[in-house]
Amino acid sequence: MAASLNTPSLKTPPLSLSSKSLLRSSFSATFPNNIRFSRSQPQSHRFLTVNATAPGSFFKKPNAAATPTSSSPGSSSKKPTVLVAEKLGEAGLALLRHHANVECSYNLSPEELRVKIAHCDALIVRSATKVNRAVFESSGGRLKVVGRAGVGIDNVDLAAATEHGCLVVNAPTANTVAAAEHGIALLTSMARNVAQADASVKSGKWQRSKYVGVSLVGKRLAVLGFGKVGSEVARRAKGLGMHVIAHDPYAPADLARVIGVELVGLKEAITTADFISLHMPLTPATSKMLNAEAFGKMKKGVRIVNVARGGVIDEDALWRALNGGIVAQAALDVFTEEPPTKDNKLVQHEKVTVTPHLGASTMEAQEGVAIEIAEAVVGALKGELAATAVNAPMVPAEVLNELKPYVELAEKLGRLAVQLVAGGRGVKTVKVSYSSSRADLDTRLLRAMITKGIIEPICNIYVNLVNADYTAKQRGLRITEECIHLDGSPECPLESIKVQIANVESKFASSKSEGGDIRVEGQVKYRIPHLTKVGSFEVDVSLEGSIILCRQVDQPGMIGKVGSILGEENVNVSFMSVGRIAPRTHAVMAIGVDEPPRKESLKRIGEIPAIEELVFLKL
Ligand SMILES: NC(=O)C1=CN([C@@H]2O[C@H](COP(=O)(O)OP(=O)(O)OC[C@H]3O[C@@H](n4cnc5c(N)ncnc54)[C@H](O)[C@@H]3O)[C@@H](O)[C@H]2O)C=CC1
Ligand SMILES: O=C(O)C(=O)COP(=O)(O)O
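Just so you know, these numbers come straight off a predicted model, no measurement behind them. Chains are numbered independently. Their residues run from 1 in the order of the written sequence. Written order determines the labels here, with chains lettered from A and ligands numbered from 1. Local features in a predicted model are, by the rule used here, given only for residues with pLDDT of at least 70; side-chain atom pairs are given and counted only at 80 or more, and totals for whole chains, interfaces and linings are based on all residues. The basis for every side-chain value is the complete set of heavy atoms in the structure, and neither hydrogens nor water enter the calculation.

### Observations regarding the packing of helix α1 (residues 90–99) against helix α13 (residues 363–381)
Working note: a packed helix pair is described by the angle between its axes plus the distance between those axes. Axis geometry follows a simple rule: fit a line to the C-alpha atoms, using only the stretch in contact for helices, then measure angles between N-to-C directions, giving values from 0 to 180 degrees. By definition, any uninterrupted DSSP run of H or I lasting at least four residues is a helix, any uninterrupted run of E lasting at least two residues is a strand, and each is numbered from the N terminus. One can describe the packing of α1 onto α13 by two numbers: an axis separation of 7 Å at closest approach and a directional angle of 20 degrees. On the basis of their axis angle, the class for α1 and α13 is roughly parallel. α13 is crossed by α1, and the crossing has right-handed handedness. Contacts from Glu 90, Ala 91, Gly 92, Leu 95, Leu 96 and His 99 in α1 reach Glu 367, Ala 370, Ile 371, Ala 374, Glu 375, Val 377 and Val 378 in α13. Orientation categories follow fixed angle ranges, with anything under 35 degrees roughly parallel, anything over 145 roughly antiparallel, 65 to 115 roughly perpendicular, and all other angles oblique. Put simply, a crossing is left-handed when the front helix is turned counterclockwise from the back one by less than a right angle, and right-handed when it is turned clockwise. The criterion used for residue contact is that any of the two residues' heavy atoms lie within 4.5 Å.

Below, the structure written as structure tokens:
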């Protein structure tokens, strides 16, 4: 089974311990070439922004606190810098200013944006700014979060963002009603020729017979894309007495039932509708979804509303369909190229009503969007997991709280295992086993943190939840996972995590399993991660501070000898545990220490005659 941090499906499921995952199976971490994202969380399923206090926070880059900030007057050097590149509501700006130095620079050219971005920790845009690969490359690794103050994220290069470990968040809920109301406004005004009649009267004419419209009541409306906006359009159209059908391969059937909408296939939707309203995101799959072939199947005289994205319609094909009498009218809020050129054939067409991408433009929606995006960006800058992350798993607060110590365990096991490798850089194959009594265990967060633990000590790059799978793939690191199902209480999410590194030499031969892999295993006890196995030796040491591992001849007095050297060297021992396979053979002693011992102290321990090998590991 292939797993990825960013599932290529249109709906990235939230990270959930009860979501469909793996059981007694193994898979390798892969990264999709084409990532498509869509968010369609009903409001009742909104995920909270929660503070993640794992060893490294999930999104923060190591230099976050130290990054120099903008030169704006009065700016604090400790605050991050947020560039707001398109108009944002005051309430959102106020919230941002509380936490960051905020620079509002609208109408930047692509070149100006690339120059400015090198000094920014976060960027907030609406639909007009193209946040392409060049922007991420120009940021020099400083940009941590891009906030899209709205829903559609087709103007942000998500693959590039992910590769650069930059979180992308959007504001998916605050403009839903505004967009739906605009859709209905276009539907009704198109049917009654309001825009054309208005222009005619203003030009001194009185053409009552020319602008006879069509009624909506009893007509069939096909909503394509039954997400947040589409379902609100459907609800309102029902109120106007329309017969509403919807096509959406991922739509929740219960929502359709509640609203009284019939879910149908695409063919049925477009061949039977009198009106078609578009509400899907622009993705490679929906690009030019309404093309010549689709128009060819439509009922003669169909009317089309587009408040989604211009790119979901083949605009040339629409123009031909309007001229050929297939499409009677169209009402367009969005265009492939925005703003469209003055002589755009559709803009100038008498059967077409146009607005300049106004779907989200109400006072209420803009205030709401501004607050929604400001909260998400501020949270992300603090290293919190965002509720509206578009290129990372969404993690419900309660799941995260439960997983927190396991996440910490995962990162520390990765960190320990890689430090045991002689040379480090040859790590290519990592096997992870999770023992759990939960039938469905979603391991994305754990895998990301193991990856972080393994990669960060050996490379000069940071790894976070956003780029973990990508970075692993880039480095040729194959992580296979298996989940061993235990009979027991599913109250505890995980019994243990085992991390094995194959085909490498070890600095500490006793860390090798019977099969020759470096093996470390851990458990969470009283919410604190513990190392419980090294190679074949059972130990029990809490994973705080750092660890000394030594193998010795199992004989009396060893604990005392090692302990007294550390005491003399003023190193505080937090935990000590000895594991052995059989009495009086060999034993492994795991010693937790609060501060790193001096090299000389380790040398002194190594010189104790019964000590056979020794390694110091930083957590
Ligand atoms: N004109 C404007 O100012 C605004 C435009 N929008 C556009 O509307 C789109 C939808 O917004 P929301 O409803 O909030 O998003 P949403 O994510 O809640 O809904 C989109 C729906 O489209 C569906 N979908 C995906 N592929 C499809 C396909 N091939 N055929 C049919 N349905 C498909 C998804 O399953 C989802 O249910 C946004 O992506 C954005 O591009 C949104 C707000 C304002
Ligand atoms: O939220 C969306 O997807 C929109 O299209 C709204 O775009 P805007 O923020 O008004 O540029």
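From this point, the discussion proceeds with the structure in view.
### Overview of the UniProt feature "domain: ACT" (unreviewed entry) in the protein chain
UniProt positions are given in the numbering used here, feature names are shortened, and annotations may be inferred rather than shown by experiment. Here the UniProt-annotated "domain: ACT" (unreviewed entry) positions come out as residues 547–619. When the span residues 547–619 is considered, its composition is 26% helix and 42% strand, and the gap between its end C-alpha atoms is 8 Å.

### Structural notes on the pairing of strand β11 (residues 302–306)
Side-chain positions along a regular strand alternate between the two faces of the sheet. In this scheme, a residue with accessible area under 20% of its type's maximum is buried, one over 50% is exposed, and one in between is partly exposed, where area comes from a 1.4 Å probe on protein chains only. Taking burial as the measure, the five residues of β11 include five buried ones, the bulk of the element. Neither face of β11 is open: one carries Val 302, Ile 304 and Asn 306, the other Arg 303 and Val 305, and all of them are buried. For two strands to count as paired, DSSP must find a minimum of two bridges between them. As paired elements, strand β10 (residues 275–278) and β11 share four bridges and run parallel to each other. Among the inter-strand pairings, Phe 275 is bridged to a residue of β11, identified as Arg 303. When the strands point away from the viewer, a crossover counts as right-handed if the path from the first strand over the helix to the second runs clockwise. In this region the chain leaves β10, passes through helix α10 (residues 292–297) and returns to the parallel neighbour β11; the handedness of that crossover is right-handed. Two strands pair when backbone bridges link them, and β11 and strand β12 (residues 327–332) are joined in this way by five bridges, in the parallel orientation. By the bridge assignment, Val 302 is partnered in β12 with Val 327.

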